[in-house]
Amino acid sequence: MKIRYIILVVLIFAVSFNSCDKVDAPFIESRDYCNGNKKVLIEDYTGHGCVNCPGAAVLAQELKEIFCGRAVIIAVHAGYFAQPDFENNPVFAANFTTEAGNEWDTYFGNSAKGNPNGLIDRVRVNDSYVIYPQSWAEVADPLLMEPAEALLQLIMILMLATTPYQQI
Amino acid sequence: MKKALALIVLSFLFTPMVKAQGFLSKSEVHGNFELDGMYYQADDALGITDSIINGNEFGFNGFADIIYTLGNFSAGLRYEAYLPPIAGFDRNLDGQGIANLWASYTTDRFSITIGDFYEQFGNGLTLRTYTEWSLGYDNALKGARFVFSPIDGIILKGVYGVQRYFWTKYENNNRGIVKGFDAEINLNDVFNGMSDSKIKLTLGGSAVSKYQSDQNPFYKMPKNVAAFAGRFNLGINKFNFSSEYAYKINDPSAINNYIYKPGAAFIFSGSYSTKGLGIYAQFKRVDNMSYKSDQAVTSNALDINFLPPLIEAHTYMLAAMYPYATQPNGEIGFQIAINYKVPKKSKIGGKYGMGVSINYSQMNNIDRSAPNDTAYIGQSGTMGWNSDFFKFGKQIFNRDLTIEIDKKFNKKFKSTFKYIYQKYDIATIQGHTGEPIVNANIAIIDMTYKLTSKKALRWELQGLWTKEDKGDWAAALIEYTVSPHWFITIADQYNYGNKHSNEKIHYYTGSFGYTLNTMRIALTYGRQREGVVCVGGVCRQVPASNGFSLTISGSF
């Protein structure tokens, strides 16, 4: 009888071992982001007093490179960590907050959820606009696969025979 | 799930075999609740202005557990409200509703639970779901749990479900599905020949797996990540030894910066206990052992496993200023604790004896080297690092020496004297990048004087001296208790050593409370200093605040 239970336990553990996916190198998936015309907006909500925010800014720049330049980054200084601290630390004396940034921060609730975080094209994920840096790439990826809804281009053509230059 | 629960509840409620009278007399309803309210005030000294409060003057956290039992059947629900969460709690908690709902049927040999449940395998290295109200933490599994004990001494457990993630409903594999199995055998119960043996031996093993679809555009993510653990507990007379080793396959995540190194955790503890003397020692090593049911989550949520802390948990005001947070990416350390009771009527012990305890713990980073010639340590998309199993890294995360003496002088007067030395890597543990390691000396005197059989006066004097962080602190507390109902407390923490004159702040609080049977109400007014609150190595940041707080709690 006891043997029966031991066999049962061994079988369950054997099944459990099958619930593993060992991934072999190379671990990075190559994806061509240079084929496409849509850009995504990364709004990085930050503050000079936020110790984890520089990492998010670096990540945003890395994503821009990975996305073949198809990311537009803006940093929004807002909330508690963005408050200037004139008296105690000259490094934090500057006020980088803006009226628009404060309004966005209040509306989307970024600093209330804890910096660093951001908005990606202001899309909602799981009922929230606020997206933490670790999910920026995940959210931006499918957006970059879509075609741009509108494409504005500014092209300079030199028309020597007529006027000095012409804008199209 | 709710329909299934309702069906089970109804089936029991309307079982014809149960007569109405017997049904009512055998039914029991129990529960407990806690309501925490906070009213915030602007405080120029703390840098809290009306614009920062921005109209959010109130915070409220509350819960109530209601449990119904009828014989082997039990069912319960947990209502929670964070309207909005008190400052320092995760803002994702904002909301209210039925957080947990469950039903269970239990006999001597088996138990089945559906709905939300808590479970732990061994020490929790592969699986532990629990709730901790003071952290706003709840990683309950929603699904099914089965416990089976075929014979005395053998316990088999199986779980299947998804974890709670604040108020976000599970859909479209937005987090992983967790399944696990645990087996434990007590050899003394199973084998008759060992039933009277002085050697007590228990063996156990567990296997846990999570499934999450690959949603990461950059890395090849494993969809199924499993963890395994083996453990034993051995008792020989006055000695006890226990150990557990866990192994996890490649689990790239935001916590480990998407490296593919397998994870491992090992704990070993030994203890000796005899009359008047207890010795306890523990060793622990963790290497890349964060295990969450969503690889993109970095906050305190969705942890499948638990890495038990090894540092002494301090509760006194200043001693709790630098609490240690478990470093799941890697830590190695040990703890030694000695408790000795100086006998009564001895020269040192006096009439009532004296308690002496010494606790030393240290936690270092693990030793790491680059995984290969072309990658740096911890580089994402690589194996991360190589590490010798028993080699200590040079970086000390935390060192703690605590010496405590408990002395009763007479029937009315007793006291506790405590000295603590702490070395604390505030840059790593609290994320204060660039700040130097804190070396702090702390002294505490805690005295209680019984005025009458029901009235007592207790006071604390504390000092913390350090050249780093915010400098020196002094604290005092006085508490008057009228048992069993009333207490009133006044306390102050003064940061007199702060190098900025405008930050030499008094953090004063006054509180009183009333207890009636299992009900308790407490009102506090004062300042809360900025800091970190940790329970079991899991921490949350607490911002500075000023205002009233009200707590009402009870059980029935």
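Every value quoted in this text rests on a predicted model; they were computed, and no experiment measured them.

We now examine the overall build of chain B. Counting secondary structure elements, chain B contains five helices and 28 strands. For chain B, buried positions account for 33% of its 556 residues. Counting contacts in chain B only where the partners sit at least 6 residues apart, residues at least 24 apart contribute 57% of the total.

Looking only at helices and strands, chain A features four helices and five strands. Beginning at the N terminus, the succession of helices and strands in chain A can be written as α-β-α-β-α-β-α-β-β. Here chain A, with 168 residues, has 28% of them falling under the buried criterion.

The next point concerns the interface of chain A and chain B. One widely used convention gives an interface's size as the accessible area the parts lose upon coming together. Each side of the interface is counted separately: chain A has 28 residues, and chain B has 34 residues. Every element with two or more residues in the side of chain A that touches chain B is listed here: helix 1 (2-17) and helix 4 (136-145) of chain A. Of all the elements, helix 1 of chain A adds the most residues to the side of chain A that touches chain B, at five residues. Taken together, the residues of the side of chain A that touches chain B break down into 12 nonpolar, eight polar and eight charged.

The next point concerns the pairing of strand 12 (residues 224-236) of chain B. Residues and elements named next belong to chain B. Across 13 bridges, the pairing between strand 11 (residues 199-211) and strand 12 is antiparallel. Note on strand 12: the bridge partner recorded for Leu203 is Phe232. Where strand 12 meets strand 13 (residues 239-248), 10 bridges bridge the pair, whose relative direction is antiparallel. Counted as the bridge partner of Gly235 is Asn240 from strand 13. Hairpin geometry of strand 12 and strand 13 is characterised by an intervening segment of two residues between the two adjacent antiparallel strands and by a positive phi of about 50 degrees at Asn237.

Quick look at the environment of Pro308 of chain B now. Residue and element names in this part refer to chain B. Within the secondary structure, Pro308 sits in the loop between strand 15 (277-287) and strand 16 (330-342). For the pair Pro308 and Asp492, spaced 184 residues apart in sequence, the C-alpha to C-alpha distance is 32 Å. With near-sequence residues (within four places) excluded, Pro308 lies in contact with Asn123, Gly124 and Ile267.

In this section: the sheet that holds strand 2 (residues 71-77) of chain A. Remark on secondary structure: sheet strands pair via backbone hydrogen bonds, oriented parallel or antiparallel. All names here are of chain A. Here we have three strands laid out as an open sheet, ordered 2-1-3, and mixed in their pairing. Two strands in the sheet have a free side with no partner beyond their single neighbour: strand 2 and strand 3 (117-120). Within this sheet the neighbouring strands show an average axis-to-axis angle of 20 degrees, counted without direction. Two elements, strand 1 (residues 40-46) and strand 3, share four bridges in a ladder whose sense is antiparallel. Note that in strand 3 the partner of Glu43 across the bridge is Leu119. Sheet strands touched by helix 3 (residues 99-108): strand 1, strand 2 and strand 3. Its angle to strand 2, the strand with the most contacts, is close to 95 degrees.

Moving on to the nonpolar core. In this structure, Val208, Ala226, Ala227, Phe228, Ala246 and Ala265 of chain B are the most contacted members of the largest nonpolar core, which totals 27 residues. Counting residues per element, this core draws most heavily on strand 12 of chain B, which supplies five residues. Ignoring sequence-local partners within four residues, the contact set of Val208 of chain B consists of Thr126, Leu127, Val178, Gly180, Ala226, Ala227 and Ile304 of chain B. Of all hydrophobic cores here, the second largest spans 26 residues; its members include Leu63, Phe81, Trp136 and Ala140 of chain A.

Another aspect to go through is helix 2 (residues 53-66) of chain A. Residues and elements named next belong to chain A. Helix length check: helix 2 (14 residues) gives 20 Å between terminal C-alpha atoms against 20 Å at 1.5 Å per residue, within 8%. Regarding helix 2, the residues found buried are Cys53, Ala56, Ala60 and Leu63. Seen along its axis, helix 2 keeps its buried residues to an arc of 65 degrees; they face one direction. Those residues of helix 2 that are exposed and aimed more than 90 degrees away from the buried face are Val58, Glu62 and Glu65. The elements touched by buried residues of helix 2 are strand 1, strand 2 and helix 4.

Let's shift gears to unusual backbone geometry. With an omega of -20 degrees, the peptide bond between Leu83 of chain B and Pro84 of chain B qualifies as cis. Here Pro84 of chain B is to be found in the loop between strand 3 (73-82) and strand 4 (95-106). Put simply, Ser483 of chain B and Pro484 of chain B share a cis peptide bond, and its omega is 0 degrees. With respect to the helices and strands, Pro484 of chain B occurs in the loop between strand 22 (473-482) and strand 23 (486-494). Although it is not a glycine, Asp121 of chain A sits at a positive phi angle of roughly 55 degrees.

Scoring rules and cut-offs
- Residues numbered from 1 in each chain as written.
- Chains lettered and ligands numbered in written order.
- Predicted model: local features only at pLDDT ≥ 70, side-chain atom pairs only at ≥ 80, totals over all residues.
- Helix = DSSP H or I, 4+ residues; strand = E, 2+ residues; numbered from the N terminus.
- Buried ≥ 20, exposed ≤ 12 C-beta atoms within 10 Å, placed from the backbone.
- Contact = placed C-beta atoms within 7 Å.
- Nonpolar A, V, L, I, M, F, W, Y, C, P; charged D, E, K, R; others polar.
- Pairing = 2+ DSSP bridges.
- Axes fitted to C-alpha atoms, helices over the stretch in contact; angles between N-to-C directions.
- Core = buried A, V, L, I, M, F, W, Y, C linked by C-beta atoms within 7 Å.
- Expected span 1.5 Å × (residues − 1).
- Arc of directions from axis to C-beta.

Keep in mind that these numbers describe shape and distance, not what the molecule does.
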